[in-house]
Amino acid sequence: MFDRKIRISILGNTGVGKTTLIDRMKGTDVRTIKSKKSYQINIEQKKIRLQSSDSYPWYHPEAYRKYQILAIDNPGEIKYRRQWREVLRAFNTDGMLFLLDPQQSIEITRIAMEDAYNYFLDSLDLNPERADEKAKTKKYIFHFVVNKCDTCVSTSYSAKDFHISPEIKDQAVEFLSQFASIMDIFKETFPRSKFGISYISALYSPYSEINKLFEILKVYLFES
Ligand SMILES: Nc1nc2c(ncn2[C@@H]2O[C@H](COP(=O)(O)OP(=O)(O)O)[C@@H](O)[C@H]2O)c(=O)[nH]1
Ligand SMILES: [Mg+2]
């Protein structure tokens, strides 16, 4: 009865780790999963208890609250990417997690980002002027996630206790800085929406880092 819903679209080029991130959310052991290309829209649901619940006293509803996560895993292949528009239109999502992979080229990443921008606008209205009008009042979450941070540094590390060191972070920030101008366009077009950035490794980050993503969405949606 206390439960709340968080509905997100997971977008990004093929191979950035969308499915892996969802598997982490579901608590599946990702190492046992063979990478399969997803051409289909895949909807995953899971009720999770956020770790921040532990910090609330027994009389606070947040101590018992669960979050029903609806994660829509979209195909990233260029050929199937037009489906993004249909998904964004058909599902009334609260926001998108846009994943980026520092191993992929700047150009490919930029095109995927522009596609997310354009298809999201299309999902509001196919008429560009009307879409721009609707964008002005749209309250949405655009959260950019630099994934595969474990690949950021060439120095060896132990995957088992992977965490984002300042060195890794610098490299990930630098990668993301290539897209600052397109992120500015997002912000100008959607002045009422919320924007955020996270750095993770969907494969190796401890679950607390994955949990943090949902904590951020929760705060955006319910506490601000
Ligand atoms: N090194 C590394 N590899 C990852 C990470 N996340 C995903 N991968 C790998 O990247 C490949 C593509 O991942 P997948 O989730 O299928 O990408 P999708 O196409 O966006 O769904 C798989 O081989 C994953 O094991 C990560 O954080 N670090
Ligand atoms: Mg996939």
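Conventions used here
- Residues numbered from 1 in each chain as written.
- Chains lettered and ligands numbered in written order.
- Predicted model: local features only at pLDDT ≥ 70, side-chain atom pairs only at ≥ 80, totals over all residues.
- Helix = DSSP H or I, 4+ residues; strand = E, 2+ residues; numbered from the N terminus.
- Rg over C-alpha atoms; globule rule 2.2 N^0.38 Å.
- Buried ≥ 20, exposed ≤ 12 C-beta atoms within 10 Å, placed from the backbone.
- Contact = placed C-beta atoms within 7 Å.
- Axes fitted to C-alpha atoms, helices over the stretch in contact; angles between N-to-C directions.
- Parallel < 35°, antiparallel > 145°, perpendicular 65-115°, else oblique.
- Nonpolar A, V, L, I, M, F, W, Y, C, P; charged D, E, K, R; others polar.
- Left-handed = near helix turned anticlockwise from the far one by under 90°.
- Pairing = 2+ DSSP bridges.
- Core = buried A, V, L, I, M, F, W, Y, C linked by C-beta atoms within 7 Å.

Peer 1: Tell me about the overall build of the protein chain, and name the residues and values.
Peer 2: Each helix and strand counted, the protein chain has seven helices and six strands in total. Secondary structure elements of the protein chain, listed N to C terminal, follow the sequence β-α-β-β-α-β-α-α-β-α-α-β-α. Rg of the C-alpha trace for the protein chain: 17 Å, near the compact-globule value of 17 Å for 224 residues, within the 12% margin. When the backbone C-alpha atoms are referred to their principal axes, the protein chain occupies close to 50 × 45 × 30 Å. In the protein chain, which comprises 224 residues, the proportion classed as buried is 31%. A fraction of 76% describes how many contacts in the protein chain between residues 6 or more apart in sequence connect residues 24 or more apart.

Peer 1: Give a description of the packing of helix α3 (residues 106–124) against helix α6 (residues 180–189) that names residues and reports values.
Peer 2: Contact geometry for α3 and α6: axes closest at 11 Å, N-to-C directions at 5 degrees. Considered as vectors, α3 and α6 are oriented roughly parallel to each other. Note on element contacts: α6 touches α3 through I182, I185 and F186, opposite R110, M113, E114 and Y117. Of the residues assigned to the contact of α3 with α6, the class counts are five nonpolar, no polar and two charged.

Peer 1: Talk me through the packing of helix α2 (residues 83–90) against α3; I want residue IDs and the actual numbers.
Peer 2: Interhelical geometry of α2 versus α3 gives an angle of 45 degrees and a closest axis separation of 8 Å. As judged from the angle between their axes, α2 and α3 are oblique. Seen along the crossing, α2 lies across α3 with a hand that is right-handed. Mapping the contact onto sequence places W84, R85, L88 and R89 in α2 and D115, A116, Y119, F120, D122 and S123 in α3. Here the residues of the contact of α2 with α3 are counted per class, giving five nonpolar, one polar and four charged.

Peer 1: Pulling in residues and values, what's your account of the sheet that holds strand β5 (residues 141–146)?
Peer 2: Taken in spatial order, the six strands of this open sheet run β2-β3-β1-β4-β5-β6, and their pairing is mixed. A strand with exactly one partner marks an edge of an open sheet, and here the two such strands are β2 (42–48) and β6 (194–199). When the angles between neighbouring strand axes are averaged without regard to direction, this sheet yields 20 degrees. Across six bridges, the pairing between strand β4 (residues 95–100) and β5 is parallel. Looking at the pairing, M96 lines up with F142 of β5. Packing of helix α5 (residues 166–177) onto the sheet brings it into contact with β4, β5 and β6, and relative to β5 it is tilted by some 125 degrees.

Peer 1: Residues and numbers for the nonpolar core, please.
Peer 2: Within the largest apolar cluster, 45 residues are counted, with the highest numbers of intra-cluster contacts made by I10, F98, L99, A116 and V145. Other than its neighbours up to four places away in sequence, L99 contacts I10, G12, V16, G17, K18, L21, V145 and N147.

Peer 1: Run through unusual backbone geometry, naming residues and quoting values.
Peer 2: Of note, the phi angle at K148 is positive, near 55 degrees, even though the residue is not glycine. Among the structural elements, K148 can be located in the loop between β5 and α5. Judged by local crowding, K148 falls into the buried class, with 23 C-beta atoms found within 10 Å.

In short, the description is geometric, and any link to function would need to be established separately.
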